[in-house]
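For reference, the chains in residue letters:
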Amino acid sequence: MAASIPHLDECLSPHWEMRQQDHVKLVWHEPFEGVRRVRALAWTCDCRAVVYELLQSGGQAFIRKTTQTEPTPKVEETHRWSIEEARRAWHALLLGEMR
Ligand SMILES: [Zn+2]
């Protein structure tokens, strides 16, 4: 494949942008609900060491951050928001406005 178009075949999911200097800092904490039924609404490409997922649980949503470290990935989550708020945070995160 043409070297000038990297990842064209491998990457189907969006990539997050580098965080902006004045980005809003999200509070990340350990998952407190354990493994519960959640629905993935969106996710970033796993070609990066850090993968973000927008997850819905009941009427709320949150973002999960997975850092692909060996031997066990590090998993952190945001607070729960309304789904609309979570979608706004998700887009800000992708653009590097929040992280
Ligand atoms: Zn990728």
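All figures in this text were calculated on a predicted structure; none of them were measured in a lab. (Residues numbered from 1 in each chain as written. Predicted model: local features only at pLDDT ≥ 70, side-chain atom pairs only at ≥ 80, totals over all residues. Heavy atoms only, no water.)

A. Molecular detail of the overall build of the protein. Within the protein one finds 1 helix and 5 strands. Ordering the α and β elements of the protein from the N terminus gives β-β-β-β-β-α. Relative to all contacts within the protein whose residues are 6 or more apart in sequence, the contacts with residues 24 or more apart total 52%. With the model as given, the accessible surface of the protein reaches about 6,900 Å², and the carbon-plus-sulfur share is 53%. (Helix = DSSP H or I, 4+ residues; strand = E, 2+ residues; numbered from the N terminus. Contact = heavy atoms within 4.5 Å. Areas by Shrake-Rupley, 256 points an atom, 1.4 Å probe, with all protein chains shown as cover.)

B. How the structure looks around the pairing of strand β4 (residues 74-77). Sheet topology places strand β3 (residues 60-67) next to β4; 4 bridges connect them, and they run antiparallel. Looking across to β4, one finds that Lys-65 is bridged to Glu-76. Connecting β3 to the antiparallel partner β4 that follows it, the hairpin turn spans 6 residues. (Pairing = 2+ DSSP bridges.)

C. Region of the structure containing the coordination of the zinc ion. Coordination of the zinc ion by the protein is provided by Cys-11 (SG), His-15 (NE2), Cys-45 (SG) and Cys-47 (SG), with metal-donor distances spanning 2.1 to 2.2 Å. If you look at the zinc ion, its 4 donor atoms make angles of 103 to 121 degrees with each other, and the shape they trace is tetrahedral. Read N to C, the donor residues that coordinate the zinc ion are spaced as C-x3-H-x29-C-x1-C. Here His-15 is found in the segment before β1 (39-43), whereas its partner Cys-45 is found in the loop between β1 and β2 (50-57), with 30 residues between them in sequence. Judged by its relative accessible area of 29%, His-15 is partly exposed. Owing to a relative accessible area of 5%, Cys-45 belongs among the buried residues under this scheme. (Donors = N, O, S within 2.8 Å, 3.2 Å for Na, K, Ca; no water. Tetrahedral: all angles 85-135°; square planar, octahedral: opposite > 155°, others 65-115°. Buried < 20%, exposed > 50% of the residue type's maximum accessible area, 1.4 Å probe, protein only.)

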